[in-house]
Amino acid sequence: MRIVPLDQLRDSRGAGGWCDGVSLTNDRVICFAPSPNSRRQNFTLLHELGHFLANEDDDVLDWLADKNNPASDLERLCDTVAAQILLPESTTTQVLGGRQPAPEHLRQLYSASMASEEVCAIALAGRLRTRGAVVLIRRRTASVAFAASTGWPPLLVPRGLEVPQHHPLRELGIRQRWSGWTTSDLRLGIAEPFLEMTIPNLMRTWAQAGPNRTTAILMDTREDDGPELPKSADNRITSHRQVGHIFPCNHCGHGLNPNTYPCEDCRIPPCWQCGHCRCR
């Protein structure tokens, strides 16, 4: 096997991978974007090693053949291979101490190992008790730098996804925390207490901002005994106790109206100004 540094490799893998490398398995060559003395480079090389191992394992190839999106599943598998080598299970167990993963655990894992933040996110996602994701957001650009998901179907939080204006995850200062609910596409964010409406892909969220990145943990409330929401006999929303933001209408930019019936298709209430919901 040959390892070849290549400065031109700076983009993510097309299928959703997060390392700066590519494997030529037939030629037994790994090309990678060098980043000397960085933890990211270790992750890149081990991720590409995962591609070689997968290509030579018939059980893995059979498993991938049954998947709807084998390219993305292969990338997640190689992420996991790199994470388990760089960050032993025992270290994660010690840091968590039997607790549910929280944003501050990412920095603790980073300090306790030689793993990158991406690897620490993968390790934390693997310990979530429900379907969810650990998302790293660049504070400078307010965009997703990395996301590690667990459960089925996996949450797809693409690299480069921009956090909307006025979203609580965008407005956190260093060491500030936020907890509430957000959709997996980050288009809607609701601070506690919870709004009494049914919204698809609404995730219980905990977040903490660091100097460069915000760590957000998203969990599926349907699998985690989410809040019981009081409704009237006709299922109409009975009260509005929201603290935080309801995000702008896609059509006119004004806020949604949580005190009206939600749309039957997208389950989002219409805008109070133009009357449009998310799907219209």
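Here we summarise the structure given alongside this text.

About the criteria used
Residues numbered from 1 in each chain as written. Predicted model: local features only at pLDDT ≥ 70, side-chain atom pairs only at ≥ 80, totals over all residues. Heavy atoms only, no water. Salt bridge = Lys/Arg side-chain N within 4 Å of Asp/Glu carboxyl O. Helix = DSSP H or I, 4+ residues; strand = E, 2+ residues; numbered from the N terminus. Buried < 20%, exposed > 50% of the residue type's maximum accessible area, 1.4 Å probe, protein only. Pairing = 2+ DSSP bridges. Axes fitted to C-alpha atoms, helices over the stretch in contact; angles between N-to-C directions. Contact = heavy atoms within 4.5 Å.

1. Here's the deal with the pattern of salt bridges
At step 1: Applying the stated criterion across every chain yields a total of 8 salt bridges.
At step 2: Note that Glu117 is salt-bridged to Arg107, the shortest N-O span being 2.8 Å. Of this pair, Glu117 sits in helix H6 (residues 117-125) while Arg107 sits in helix H5 (residues 103-112), and the two are 10 residues apart along the sequence.
At step 3: For Glu117, a relative accessible area of 15% translates into the label buried.
At step 4: Residue classification places Arg107 among the partly exposed residues on the basis of a relative accessible area of 42%.
At step 5: The partner of Arg213 in a salt bridge is Glu118, and the shortest N-O contact between them spans 3.1 Å. With Arg213 in strand E9 (residues 213-220) and Glu118 in helix H6, the pair connects residues that are 95 residues apart, well separated along the chain. Comparing Arg213 with Glu118 shows no difference in burial state: the two are buried.
At step 6: In the salt-bridge network here, residues are joined through shared partners; they are Arg107, Glu117, Glu118 and Arg213.

2. With respect to the pairing of E9
At step 1: With respect to burial, E9 is a largely interior element, 8 of its 8 residues being buried.
At step 2: What you see with E9 is no split at all: Arg213, Thr215, Ile217 and Met219 on one side and Thr214, Ala216, Leu218 and Asp220 on the other are buried throughout.
At step 3: In this sheet, E9 lies alongside strand E4 (residues 132-138) in antiparallel orientation, the contact comprising 7 bridges. In the strand pairing of E9, Leu136 is matched with Thr215.
At step 4: With 7 bridges connecting them, strand E8 (residues 202-209) and E9 associate as antiparallel partners.

3. Considerations on the sheet that holds strand E7 (residues 189-191)
At step 1: Spatial ordering of the open sheet is given by E5-E4-E9-E8-E6-E7, a layout of 6 strands whose pairing is antiparallel. The sheet is open, and its two borders are formed by strand E5 (143-150) and E7, each paired with just one other strand. Neighbour-to-neighbour, the strand axes of the sheet open up by a mean angle of 25 degrees, direction not taken into account.
At step 2: Pairing between strand E6 (residues 177-183) and E8: 7 bridges, direction antiparallel. When the sheet's bridge partners are listed, Trp181 is paired in E8 with Arg204.
At step 3: Here H5 sits on the sheet and contacts E4, E6, E8 and E9; the angle it forms with E8, its principal contact strand, is near 50 degrees.
At step 4: Each of E4, E5 and E9 is contacted by H6, which is oriented at about 35 degrees to E5, the strand it contacts most.

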